[in-house]
Amino acid sequence: MDIAALVSGGVDSSVTIFQLKEQGFDPTIFYIKIGMEDEHGYIDCPSEEDIEITTYIARKYGCKFEIVSLHEEYWENVVSYTIEAVKRGLTPNPDMMCNKLIKFGSFEQKWGKDFDKISTGHYATTSLLDGKTYLSTAKDKVKDQTYFLGQVNYLQVNKLMFPIGNLLKSEVREIASRERLPSADRKDSQGICFLGKIDYNDFLKRYLGEKPGEIIDLETGKTVGEHKGYWFHTIGQRKGLGLSGGPWFVVKKDIDENILFVSNGYDPETQYGKVVNIAGFQFITEDIWGDFSDVKNIKFKIRHTPEFTEGKLTKINDIYRIESAEKIQGIAPGQFAVIYDETATLCLGSGMII
RNA sequence: UGUCCGAUGGUGUAGUGGUAGCACAGCAGAUUUUGGUUCUGUUAGCCCAGGUUCGAACCCUGGUCGGAUAA
């Protein structure tokens, strides 16, 4: 079986190679360059060290190694999507789009198609049900990364391998240090990858500029301050408002009027919600309930959190709706709601929060 | 103009003679493959000038500023 293994130089993806070799496979390693420099020199993803480590891994395990670039694709799909979404007042999720469109999209079209499987270092698993592959959660429920995979489709899931999905993070670290992998002690990667060391707000300022507007207390209707552009704030956000007498949380945006609505205090009701409406919901594999019509008990996430929330899923025409069992904070349109089965073992699908 | 009240970190406030606290904001770090949340740490202050006192944010006098009220 021919396996294309995506390796980033981090601990997780490094260990996948060890795992694959243990299982008798001989993967071809791919390092995808996406850190792109635009005309302003503002996108920057320092990849030297990553490539160095990946090269070492390839040599250590005697794997073929290719460095490929998806700069253009990344820019056209992920970065522009991010900017467009933010401009419309949404909260984008570039990393989910990167998985869907780049790692398992463009890569597949250009190189992956020649392989039987694509392996990555995600904390996720797949399982077979009635002969069909389903995306499933990882053994390490805290590190589980199925949320970021919620937008992939059946063809992609069918072809994916997650060699560390059945390991705990601690076990991965153990293997890495036992195998003396240079990435053993590297910090977990975090943050939007294309930004590198660039501050997200700087990035937005660069592309969208500043546009002062009012901050209004939703409860009293009073203007309590000024912001520099609605795109610098997302629903549920506390940091960055600069208002005293808080804490204050962003609860609503008016894009046309460029107004930010906030609520004050630690537990105002306006900060929470129980209903999440989802547009464009799609099952990754298929509707496990058959013809979905009534109400189903599910678990879900509206952002990458350690816990799964309980809720009920219903369908209203083209829109799916989650009724959360408990009130949840920061329901941000543009983010994806990812649906799991009742036991949080199968990742069923996702759609965009509206 | 008279009278009264107030003046404490960026903001809102505790502290009535003895080391100036708290909240929010800010900053830093932890957590997190999305700017979110959460957690930890931290910066920064007694309107000014005199006086009383061993010692003053606190008491007294004057000034400055803000608010109220009277004509």
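The model shown is predicted, which means the values in this text are computed figures rather than measured ones.

About the criteria used
Residues numbered from 1 in each chain as written. Chains lettered and ligands numbered in written order. Predicted model: local features only at pLDDT ≥ 70, side-chain atom pairs only at ≥ 80, totals over all residues. Heavy atoms only, no water. Pairing = 2+ DSSP bridges. Helix = DSSP H or I, 4+ residues; strand = E, 2+ residues; numbered from the N terminus. Contact = heavy atoms within 4.5 Å. Axes fitted to C-alpha atoms, helices over the stretch in contact; angles between N-to-C directions. Salt bridge = Lys/Arg side-chain N within 4 Å of Asp/Glu carboxyl O. Buried < 20%, exposed > 50% of the residue type's maximum accessible area, 1.4 Å probe, protein only. Parallel < 35°, antiparallel > 145°, perpendicular 65-115°, else oblique. Left-handed = near helix turned anticlockwise from the far one by under 90°. Core = buried A, V, L, I, M, F, W, Y, C linked by side-chain atoms within 4.5 Å. Nonpolar A, V, L, I, M, F, W, Y, C, P; charged D, E, K, R; others polar.

Caption draft 1: Representation of the sheet that holds strand β2 (residues 28–33). Taking strand neighbours across the sheet as the criterion, the five strands line up as β3-β2-β1-β4-β7 in an open arrangement whose pairing is parallel. Where the open sheet ends on each side, the last strands, each with one partner, are β3 (65–69) and β7 (160–161). As judged from the five bridges shared by β2 and β3, these two strands associate in the parallel manner. Among the inter-strand pairings, Lys-33 is bridged to a residue of β3, identified as Ser-69. The sheet contacts of helix α4 (residues 94–110) involve β1 (3–6), β2, β3, β4 (117–119) and β7, and relative to β1 the element is tilted by about 135 degrees.

Caption draft 2: Focus on the pattern of salt bridges. The full count for this structure, using the stated rule, is 10 salt bridges. Note that Lys-21 and Asp-26 form a salt bridge whose closest N and O atoms lie 3.4 Å from each other. Judged by its relative accessible area of 29%, Lys-21 falls in the partly exposed class.

Caption draft 3: Main features of the environment of Asn-93. Residue position: Asn-93 is located in the loop between α3 (71–87) and α4. For Asn-93, a relative accessible area of 7% corresponds to the buried category.

Caption draft 4: Structural detail: the packing of α3 against α4. α4 packs onto α3 with a crossing angle of 160 degrees between their chain directions and a minimal axis gap of 10 Å. Compared by their axis directions, α3 and α4 come out roughly antiparallel. Like other packed secondary-structure pairs, α3 and α4 cross with a definite hand, here right-handed. Within the contact between the two elements, α3 uses Glu-73, Tyr-74, Asn-77, Val-78, Tyr-81 and Thr-82 and α4 uses Pro-94, Met-97, Cys-98, Leu-101, Ile-102, Ser-106 and Lys-110.

Caption draft 5: Region of interest: the environment of Val-276. Relative to the assigned elements, Val-276 resides in strand β12 (residues 272–283). Since its relative accessible area comes to 0%, Val-276 is described here as buried. Distance in space between the C-alpha atoms of Val-276 and Asp-185 is 39 Å, their sequence separation being 91 residues. Residues within four places of Val-276 in sequence aside, it is in contact with Ile-302, Tyr-320, Arg-321, Ile-322, Ile-328, Ile-331, Ala-337 and Ile-353.

Caption draft 6: Geometry of the sheet that holds strand β10 (residues 248–254). Strands sit in the order β9-β8-β11-β10 across an open sheet of four strands; the sheet is mixed. What marks the edges here is a single partner per strand, and that holds for β9 (223–227) and β10. In this sheet, neighbouring strand axes are inclined to one another by 30 degrees on average, regardless of whether the strands run parallel or antiparallel.

Caption draft 7: The nonpolar core, seen in detail. With 55 residues, the main nonpolar core has Phe-30, Phe-107, Leu-135 and Leu-241 as its most contacted residues. Ranked by residue count, the leading element in this core is α3, at seven residues. Apart from residues no more than four positions distant in its own chain, Phe-107 is found in contact with Ala-4, Leu-6, Phe-30, Ile-32, Val-68, Leu-70, Ile-102, Gly-112 and Ile-118. One finds Ala-5, Phe-18, Tyr-61 and Leu-181 within the second-largest nonpolar core, a separate group that totals 24 residues.

Caption draft 8: Focus on the packing of helix α1 (residues 11–22) against helix α7 (residues 169–178). Following both chains from N to C, one finds α1 and α7 inclined at 70 degrees, their axes separated by 9 Å at the closest point. Judged on the interaxial angle alone, α7 and α1 are roughly perpendicular. Two packed elements cross with a definite hand, and for α1 against α7 that hand is left-handed. Together, Val-11, Asp-12, Val-15, Phe-18 and Gln-19 of α1 and Lys-169, Val-172, Arg-173, Ile-175 and Ala-176 of α7 make up the contact between the two elements. Taken together, the residues that form the contact of α1 with α7 break down as six nonpolar, one polar and three charged.

Caption draft 9: A look at the environment of Lys-113. Within the secondary structure, Lys-113 is located in the loop between α4 and β4. Sequence-wise, Lys-113 and Ala-325 are 212 residues apart; in three dimensions their C-alpha atoms are separated by 42 Å. Every residue in contact with Lys-113, bar those within four places of it in the chain, is listed here: Glu-108 and Lys-159.

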